[in-house]
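Listed below are the residues making up each chain.
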Amino acid sequence: MGRVLAALTGNRVWRSIVRHGAPDSNRNRALIIFSNFFLHTHPVKARLRAIAFTRTFYLGILSASAFFLLTVTGIFLMFYYRPAVPEAYEDMKDLEFVVSAGMFLRNLHRWAAHAMVALVFLHMVRVFFAGAYRPPREFNWVIGVGLLVLTLLLSFTGYLLPWDQLAYWAITVGTNMANAVPVLGPDIRFLMLGGNTIGENTLIRFYVLHCMVLPLALILLLSVHMWRVRKDGGLYIPPDEPPASKDGETGGKAS
Amino acid sequence: MSEPTSREFVLVEGEDARRDPVRLVVIQGEERPPVHAADEPLVMTFPHLLLREAIAFLALSVGLVVLALVADAPLEEIANPEKTPNPAKAPWYFLGLQELLHYYPPVISGVLLPGLVVLALAVIPYFDINLVRPDLWHGPREAVRRRVAWFYGAVAVLTVVFFFTGAHPVYPILGPLWFVAVAAGLPLVAPGSRWIGRWLGRRSLAFFVFLWFLLCAVTLTLIGVFFRGPGWSFTLPWRDGVY
């Protein structure tokens, strides 16, 4: 087993992809983070008290996890969905009665969407009470507010797609509020709906926003968000908090 | 450009990086946390942090998968513009706003208030009161007395505003306001108590304002989700069910 593993990871092709050895030394553990495009938003080392569960409840990573689940399930749902009237609704029925595990797929997407809205909101509350928006992190808080708005818009645009009564009238209530904007209200509503009432044009608009524009915008802002946390010295710890002692008594156990 | 102070370096600007030496390090005036906190326990991100993140992701996945197995996403009959359900409800995270429609015209509850909320959230880090965050009732006696007058003056004004400007008294906003006003005042009345005096007494004005916002959002949303039925009448979820 050990020899197979060594042969697998010792050859030229493997080493051309993964440039570091097995994580048996701190140097290689550092290289795992350092030389990986996807992990380089992390520091090589983390403060023990910064990664304690009770400090953040991991709400940031949980929000990102929900987004990842939504992306995967969303792509699968796109294989079975047509943004047209009445095909959209028929595809919902197909997901329930024809597609293998189709209902499970739609359930997971919907519950993950609700979870993401709640998690992002809780993340914001946690960050506020920690005071983690203080200089030099002011603008990252603003980006976070942008991410909250994007999350709400993603959820809102997705709400219409099943094209059932629930979807139709929830979006009616929501878009009627846009009508109340002084002067521009009716124009904004017309732009959103692609007409004066919710119809197939609206469905296509919301579909494109939901599957392309908003997720890409969210990925972009999320990247900047995480990159700035890293640049600002990692997770925020109040300066007046007594520093942890050298043997790590405040940070839980490190094995 | 102003004269550089003795602590600042001046970067030589030029197109040719070989002729104009490039500085590798620029020490900025800003302070980064690690500068002060270098002398504390550190662990390698791999495996310690990545493992925790993986566990968090898997725990969420398992929880949602179980939920998806036992609870089905709702699907009603096909959209029908001719048939308006009663009540027609927005998605749950907008029901706080829809609840506000009960008190204020759409231009206030649908445009002005949510706009103000987003704006207020965005500018939080640019106000001193949020950055410094001193204890609300800390300081010389005279200053505290003045602050008490300002604070409860503001509470009184907001009470009048939300009592009389809406179509009905806006209790989902007034309730949290009074709750926060009482909570903020407790340390003044009972400074000796351990929890009240020590913990609550050390909260800042920013804390109480945000708490008010938070309680309003939660209260409005809960009422919109669970306590509103046909014609936006008040219903009890345990008696009439959830609409």
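Residues numbered from 1 in each chain as written. Chains lettered and ligands numbered in written order. Predicted model: local features only at pLDDT ≥ 70, side-chain atom pairs only at ≥ 80, totals over all residues.

1. Observations concerning the interface of chain B and chain A
Across the boundary between the two partners, chain B contributes 61 residues, which contact 76 residues of chain A. Listing elements by their share of the side of chain B that touches chain A, those giving two or more residues are helix H1 (33-36), strand S1 (42-44), helix H2 (45-70), helix H3 (95-101), helix H4 (106-123) and helix H9 (205-226) of chain B. Considering each element in turn, the side of chain B that touches chain A owes the most residues, 15 residues, to H2 of chain B. Class assignment for the residues of the side of chain B that touches chain A results in 43 nonpolar, eight polar and ten charged. (Contact = placed C-beta atoms within 7 Å. Helix = DSSP H or I, 4+ residues; strand = E, 2+ residues; numbered from the N terminus. Nonpolar A, V, L, I, M, F, W, Y, C, P; charged D, E, K, R; others polar.)

2. A look at the confidence of the model for chain A
Low-pLDDT stretches of the model should not have their predicted coordinates read in fine detail. Averaged over chain A, the pLDDT score is 91; the fraction of residues at 70 or greater is 95%. pLDDT under 50 marks residues 247-255 of chain A. Its contacts with residues more than four places away, or in other chains, come to 16 contacts. (pLDDT = per-residue confidence, 0-100.)

3. Remarks on H4 of chain B
Here H4 of chain B spans 24 Å end to end across 18 residues, near enough to the 26 Å set by a 1.5 Å rise per residue. Of all the bends found along H4 of chain B, the most pronounced is centred on leucine 112 of chain B and spans about 30 degrees, while proline 114 of chain B, a proline, follows it within four residues. The complete set of buried residues in H4 of chain B reads Ser109, Gly110 and Leu121 of chain B. Buried residues along H4 of chain B sit in contact with helix H8 (138-160) and helix H9 (165-178) of chain A together with H3 of chain B. (Expected span 1.5 Å × (residues − 1). Bend = angle between axes of the 7 residues up to and from the residue. Buried ≥ 20, exposed ≤ 12 C-beta atoms within 10 Å, placed from the backbone.)

4. A look at the nonpolar core
If you look at the biggest cluster of nonpolar residues, it comprises 70 residues, and the most contacted ones within it are Ala66, Ala112, Met116, Trp163 and Ala167 of chain A together with Leu64 of chain B. With twelve residues, helix H7 (residues 102-130) of chain A is the largest single contributor of residues to this core. In this structure, leucine 64 of chain B is in contact with Leu69, Leu108, Trp111, Ala112 and Ala115 of chain A, ignoring residues within four places of it in sequence. (Core = buried A, V, L, I, M, F, W, Y, C linked by C-beta atoms within 7 Å.)

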